[in-house]
Amino acid sequence: MRLDQIFGGNPVGVIVRLIILSVVAGTIQKTLGITPDNMIYKLGLLVERIYNMGWGAVQWALGYFLIGAVIVIPIWLISRVFGGGKRPDDGRS
């Protein structure tokens, strides 16, 4: 398997795009007051609350999963059927 197949394009270009998107996302998060310490703290609270809620948390997560899947799965299926994620074959193997 070639690197461009793994990365979904030229590896250097993909890495550059990921770096740019990370800087943009970091800027937005910093503007909103979201810091790494805050995120770790909130993640800890989330895990604690899920643990404390027990089965209710599983039902809550499953409900949101199903609501999202109603939109995501058909869009993914349509894109796969019509070849939305397929790269043109350039004849190299």
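To start, this report covers the structure provided alongside it. Please read these numbers as outputs of a predicted model, since none were measured by experiment.

## Concerning the overall build of the protein chain
- A tally of regular secondary structure across the protein chain gives four helices and zero strands.
- Here the protein chain holds 93 residues, and 6% of them are scored as buried.
- If you sum the accessible surface of the protein chain, you get close to 8,400 Å²; carbon and sulfur atoms cover 71% of it.

## Let's talk about the packing of aromatic side chains
- Applying the stated criterion across every chain yields a total of one aromatic pair.
- Ring centres 5.1 Å apart and planes at 65 degrees place the aromatic pair Trp60 and Tyr64 in the edge-to-face group. Here Tyr64 and Trp60 lie together in helix α4 (residues 55-81), a separation of four residues that amounts to about one turn.
- For Trp60, a relative accessible area of 48% corresponds to the partly exposed category.
- Judged by relative accessible area, Tyr64 falls into the exposed class, the value being 53%.

## A look at a nonpolar patch on the surface
- Together, Val70, Ile71, Val72, Ile73, Ile75, Trp76, Leu77, Ile78, Val81 and Phe82 make up a nonpolar patch on the protein surface, roughly 1,100 Å² of accessible area in all.
- Tracing the backbone through its elements, the reader meets Ile73 in helix α4.

## Points about α4
- When the terminal C-alpha atoms of α4 are compared, their 37 Å separation across 27 residues agrees well with the 39 Å that a helix rising 1.5 Å per residue should span.
- Where α4 terminates, the next one or two residues include Gly83, which has phi positive at roughly 70 degrees.

## Some details on helix α2 (residues 11-31)
- Under the 1.5 Å per step criterion, the end-to-end length of α2 is 30 Å for 21 residues, consistent within 8% with the ideal 30 Å.
- A positive phi of about 80 degrees marks Gly33, the residue just after α2.

Rules behind the numbers
- Residues numbered from 1 in each chain as written.
- Predicted model: local features only at pLDDT ≥ 70, side-chain atom pairs only at ≥ 80, totals over all residues.
- Heavy atoms only, no water.
- Helix = DSSP H or I, 4+ residues; strand = E, 2+ residues; numbered from the N terminus.
- Buried < 20%, exposed > 50% of the residue type's maximum accessible area, 1.4 Å probe, protein only.
- Areas by Shrake-Rupley, 256 points an atom, 1.4 Å probe, with all protein chains shown as cover.
- Phe/Tyr/Trp six-rings, centres within 6.5 Å; stacked < 30°, edge-to-face > 60°.
- Patch = residues over 30% accessible without salt bridge, like charges linked within 9 Å, V, L, I, M, F, W, Y side chains within 5 Å.
- Salt bridge = Lys/Arg side-chain N within 4 Å of Asp/Glu carboxyl O.
- Expected span 1.5 Å × (residues − 1).

By themselves these figures say nothing about function.
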